[in-house]
Amino acid sequence: MNIIVCLKIAPDPEDLQIGSDGSVSTTHAGWTIGSFDLPALEAGVRLTEMYGGKVIALSVGPSAINQSKVRKDILSRGAEELVLVVDEALQDASTAETARVLATAIQKIENVQLVLFGEGSADLYFQQTGVQVGERLGWVSLNAIRDIRVIEADKLQVQRVLEQEIQVIEVPLPAALSVTSDICEPRLASMREILRASRKPVLEWSLADLGIESLPASVEILAVQAPPRTARRGIILDGSVEEAATMLVNILKKDGVL
Amino acid sequence: MSSQAWIFVVSEDVNLIGELVSAARRLNRDGDLSIAAVVVGDSTAIPLTGTQGVDRIYRIEKPPEGCLVEDLFDTLWELVNQQKPAYVLIGATTSGRLICGRLAARLDVSAITDVRSFDLLDDGLTARHMIFAGGAERLERPLRLPVLMSVARGQFEAEAVQNPKTPEVIDLPFLVPEKRSVLRERMDLPAVSVNLADAKRVVCLGRGIARQEDLVLAENLARELGAEIACTRPLSEGLGWLPRERYIGISGAYIKSDLYIGLGVSGQVQHTVGITDVKVIVAVNRDPDAPIFKQADYGIAADLYQVLPALIEAIRAG
Ligand SMILES: Cc1cc2nc3c(=O)[nH]c(=O)nc-3n(C[C@H](O)[C@H](O)[C@H](O)COP(=O)(O)OP(=O)(O)OC[C@H]3O[C@@H](n4cnc5c(N)ncnc54)[C@H](O)[C@@H]3O)c2cc1C
């Protein structure tokens, strides 16, 4: 069984720069694989290790996603191939556009029965793309999956976590599943895998290669602003731990919160 | 009635309908739209929804054995095609997110997820939601109809309407999809033990806590303070030391307590977005450069294992 794992490569939210006017800049942010997508990649790789087949990683975005460091990172974690769909029109693409491109690319890749997604992207975290892609493909589409087993050639048994219950579900293939971030712990790439990564195939497609002539935006982005922050005092209490603790208790009483 | 005149509110969790209707009423500022609630199964849903002033209730039959509640999608899809609502608001539960994504794909629109607020301007609707895990908010204008939005619990307050008219109730069959998964088993998760949003004081543990056994130390402090125990996401989702409802942040709880004491919490934005409404923030971290100190009112830059007993001592002494 070949498995596609969709990964979002995006500016690292930890590198966000917030100006005093609330402006938000990603200019200095490094682009990385979303931290919630790594468990999906690991889950896919483990399935192929147990049941055969290979993992093909798929990512779509502007040219900034096509960096050798990121490509290596993906391919050293067990994916055997990487497909990148690169087009500047995918900068700030909303979920409908992203899902359309992903679904079209998936249809172009042969012999795929399962597509995995992370819980949400690290930058937007809308938790929509996976389910939208599944629906666009006309496949069974589920979210919040925290365990996957193959029980028949064309059937999985999965566990799904809702707010108040855990479900055990039989899923006919083909299917698109979004997994939780605790489905499994992503591996650290071994030296051998890192070396092997540079020999693995990377395919780069354009929207035209997918037969997509235009990608009209479904939403207009009007502004991005840091939410207003409460001003904090930022007082560090010095002295010995005992002195600091006593001081803190006194202050908290004075502030009326104890 | 013209074909674009409806706002649909949809949730498999009937307790969310009131909040969704509240949001829908704001969309209906000019009063020229009608509001329909789409609920599933239970007849208790009817009186609950009725008091909130909806014009119509669509009640989808309860899912047959082996079906997921999200399989109501086929029925919903038929309804959306028939009525062509101008807006669809979906409760942002896990099931709601699935239904929302499937609907968005069929309609070829992008859902605006976890909407925090919206404005109706002359040139249409704009809505605000979070990106960068809470580091920023994005203001968007949907360019296609219908406008599809998901709304998380706690964003809009449910309000009971005075003298509501009796809504028309329309029963719909549960159309079982041809291609579907089969629900084999379900287990209830342990009942939610705490509502952090209501806590007056919170002691929050981060990865600075080295061992699960050490939670007891923090519990002692919490007891002295009359505080609830909370944590960062890795302690709950990764390590499983505390239940999900006890982690604070973008994908967890938002708190508005008088006091928050973070022990071994680094202060990543995904976490601190959940404590912006706290009155007084205290941070204990052995790294003097930890980002949490910039967002705290008071900080102690020391080992939490020394600070914990000292703090308990100081409270008892005081
Ligand atoms: C999309 C997305 C959503 C997320 N949602 C959430 C969320 O909702 N909630 C959430 O909490 N996180 C969330 N995260 C994770 C978040 O980014 C951080 O990884 C997490 O909050 C860090 O937890 P921490 O502070 O406990 O751990 P760390 O970042 O590892 O920090 C541990 C801190 O403890 C200090 N320390 C260690 N030992 C001691 C000691 N003995 N005494 C004192 N200090 C000590 C260290 O100096 C360090 O600062 C999310 C991440 C992403 C990408």
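Since we're looking at a predicted model, the values are computed, not measured.

Conventions adopted
- Residues numbered from 1 in each chain as written.
- Chains lettered and ligands numbered in written order.
- Predicted model: local features only at pLDDT ≥ 70, side-chain atom pairs only at ≥ 80, totals over all residues.
- Heavy atoms only, no water.
- Helix = DSSP H or I, 4+ residues; strand = E, 2+ residues; numbered from the N terminus.
- Buried < 20%, exposed > 50% of the residue type's maximum accessible area, 1.4 Å probe, protein only.
- Contact = heavy atoms within 4.5 Å.
- Areas by Shrake-Rupley, 256 points an atom, 1.4 Å probe, with all protein chains shown as cover.
- Lys, Arg positive; Asp, Glu negative; His and termini not counted.
- Charge placed at Lys NZ, Arg CZ, Asp CG, Glu CD.
- Near = heavy atom within 4 Å.
- Polar contact = N/O pair within 3.5 Å; in protein donor to acceptor, adjacent residues only side chain to side chain.
- Buried area = accessible area lost by both parts, 1.4 Å probe.
- Salt bridge = Lys/Arg side-chain N within 4 Å of Asp/Glu carboxyl O.
- Nonpolar A, V, L, I, M, F, W, Y, C, P; charged D, E, K, R; others polar.
- Phe/Tyr/Trp six-rings, centres within 6.5 Å; stacked < 30°, edge-to-face > 60°.
- Lys NZ or Arg CZ within 6 Å of the ring centre and 35° of its normal.
- Pairing = 2+ DSSP bridges.
- Right-handed = clockwise from strand over helix to strand, strands pointing away.
- Core = buried A, V, L, I, M, F, W, Y, C linked by side-chain atoms within 4.5 Å.
- Patch = residues over 30% accessible without salt bridge, like charges linked within 9 Å, V, L, I, M, F, W, Y side chains within 5 Å.
- Axes fitted to C-alpha atoms, helices over the stretch in contact; angles between N-to-C directions.
- Parallel < 35°, antiparallel > 145°, perpendicular 65-115°, else oblique.
- Left-handed = near helix turned anticlockwise from the far one by under 90°.
- Expected span 1.5 Å × (residues − 1).

Participant: Outline the overall build of chain B, listing residues and values.
Facilitator: Looking only at helices and strands, chain B has eight helices and 15 strands in total. By its C-alpha atoms, chain B is 70 × 50 × 40 Å across when sized along the principal axes. Relative to its full complement of 318 residues, chain B shows a buried share of 58%. In chain B, 63% of the contacts between residues at least 6 apart in sequence involve partners at least 24 apart. Accessible area for chain B stands at about 13500 Å²; split by element, carbon and sulfur atoms hold 46% of it. Across chain B, 34 positive and 42 negative side-chain charges occur, with their mean positions spaced 2 Å apart.

Participant: Requested: an account of the overall build of chain A, with residues and values cited.
Facilitator: Looking only at helices and strands, one finds six helices and 15 strands in chain A. The principal-axis extents of the C-alpha atoms in chain A amount to approximately 65 × 40 × 40 Å. Counting the 258 residues in chain A, one finds 54% classified as buried. Accessible surface, chain A as shown: approximately 11100 Å² in total, 48% of it carbon and sulfur. Taken as two groups, the 24 positive and 35 negative side-chain charges of chain A have centres that lie 4 Å from each other.

Participant: Explain the site of the ligand to me, using residue names and the numbers behind them.
Facilitator: Residue and element names in this part refer to chain B. The immediate surroundings of the ligand are formed by 28 residues, with R207, T232, I248, S266 and N285 found nearest. In the environment of the ligand, an oxygen atom lies 2.9 Å from a nitrogen or oxygen atom belonging to the side chain of Q270. With respect to the ligand, the backbone of R286 contributes an N or O atom lying 3.1 Å from a nitrogen atom. Calculation on the ligand without its partners gives an accessible area of 980 Å², and the protein chains cover 86% of this total.

Participant: Provide a residue-level description of unusual backbone geometry, including the pertinent values.
Facilitator: Cis geometry marks the peptide bond from A:L173 to A:P174; its omega dihedral reads 0°. Positionally, A:P174 belongs in the loop between β11 (165-172) and β12 (175-179). Between B:L145 and B:P146 the backbone carries a cis peptide bond, its omega angle lying at -5°. Inspection of the secondary structure assignment puts B:P146 in the loop between β7 (136-142) and β8 (147-151). In the Ramachandran plot, A:D92 falls in the positive-phi region, its phi being about 60° despite a non-glycine side chain. By the secondary structure assignment, A:D92 is in the loop between β7 (81-86) and α3 (95-108). With a phi angle near 55°, A:Y125 is a residue other than glycine that sits in the positive phi range. Its location among the elements puts A:Y125 in the loop between β8 (112-117) and α4 (129-137).

Participant: Tell me about the interface of chain A and chain B, residues and numbers included.
Facilitator: Contact with chain A, which involves 80 residues of that partner, is made by 81 residues of chain B. Between chain A and chain B, roughly 7100 Å² of surface is buried when both sides are summed, and carbon and sulfur atoms account for 56% of that area. Our count for the chain A to chain B interface comes out at ten salt bridges. Two residues, B:D297 and A:R233, come together in a salt bridge whose shortest N-O distance is 3.6 Å. In this structure, the connection of chain A to chain B is made through 43 residue pairs in polar contact (both at pLDDT 80 or more). Among the secondary structure elements, those contributing two or more residues to the side of chain A that touches chain B are α3, α4, β9 (140-152), β10 (155-161), β11, β14 (219-225), β15 (235-236) and α6 (241-254) of chain A. When its residues are assigned to classes, the side of chain A that touches chain B shows 44 nonpolar, 17 polar and 19 charged.

Participant: Hey, could you go over the packing of aromatic side chains for me, with residue numbers and the actual values?
Facilitator: Across all of its chains, the model carries four aromatic pairs over all chains by this definition. Ring geometry for B:F73 against B:W77: centres 6.4 Å apart, planes inclined by 5°, an arrangement best described as stacked. Note that B:F73 and B:W77 are positioned in helix α3 (residues 73-83) at a spacing of four residues, about one turn of the helix. Accessibility classification places B:F73 together with B:W77 in one group, the buried group. The ring of A:W205 carries A:K108 above its face, with NZ or CZ at 4.9 Å from the centroid.

Participant: Which residues make up the pairing of strand β12 (residues 228-231) of chain B, and what are the values?
Facilitator: Two faces, one strand: in a regular strand the side chains alternate between the faces of the sheet. All names here are of chain B. Bridging between strand β11 (residues 201-205) and β12 involves four bridges; their strand directions are parallel. Of the residues in β12, the one forming a bridge with V203 is I229. Assessed by its sense of winding, the connection that carries the chain from β11 through helix α5 (residues 215-225) to β12 is right-handed.

Participant: Describe the nonpolar core, listing the residues and the values that go with them.
Facilitator: A:I74, A:L114, A:L116, A:L142, A:I148, A:L156 and A:L177 are the most contacted members of the largest nonpolar core, which totals 44 residues. Broken down by element, the residue count for this core peaks at six residues, all from helix α1 (residues 38-51) of chain A. Listed in part, the 41 residues of the second largest apolar core include B:L205, B:L215, B:A227 and B:C231.

Participant: Quick rundown of a nonpolar patch on the surface? Include the residues and the values.
Facilitator: A contiguous nonpolar patch, built from A:M191, A:I194 and A:L195 and spanning about 300 Å² of accessible area, is present on the exposed surface. Looking at the secondary structure, you find A:L195 in helix α5 (residues 191-197).

Participant: How would you sum up the sheet that holds strand β3 (residues 56-60) of chain B? Please name residues and give values.
Facilitator: All names here are of chain B. Across the sheet, which stays open at both edges, the six strands sit in the order β8-β4-β1-β2-β3-β9 with parallel pairing between neighbours. Edge strands, defined here as strands with exactly one partner in the open sheet, are β8 and β9 (168-172). Strand-to-strand, the axes of this sheet are offset by a mean angle of 20°, without reference to chain direction. In this structure, strand β2 (residues 34-40) lies alongside β3, joined through five bridges in parallel fashion. Each residue of the ladder has a partner; that of A36, found in β3, is R56.

Participant: Just give me the short version of the packing of α4(A) against helix α4 (residues 94-107) of chain B, but keep the residues and values in it.
Facilitator: Relative to each other, α4(A) and α4(B) sit at 50°, their axes nearing to 8 Å. Considered as vectors, α4(A) and α4(B) are oriented oblique to each other. For the pair α4(A) and α4(B), the crossing hand works out as right-handed. Facing A:V131, A:Q132, A:E135 and A:R136 of α4(A), the residues of α4(B) in contact are B:R97, B:L98, B:G101, B:R102, B:A104, B:A105 and B:R106.

Participant: A description of the environment of B:V265 should follow, citing residues and the corresponding values.
Facilitator: Among the structural elements, B:V265 can be located in the loop between β13 (259-263) and α7 (269-272). In this structure, the C-alpha to C-alpha distance between B:V265 and B:D114, residues 151 residues apart in sequence, is 26 Å.

Participant: Account for α3(A), naming residues and giving values.
Facilitator: Residues and elements named next belong to chain A. Given a rise of 1.5 Å per residue, 14 residues ought to cover 20 Å, and the 20 Å separating the end C-alpha atoms of α3 matches this to within 8%. Of all 14 residues in α3, ten are buried, a share of seventy percent or more. The inward-facing, buried residues of α3 contact β1 (2-6), β6 (55-61), β7, β8, α4 and β13 (202-205).

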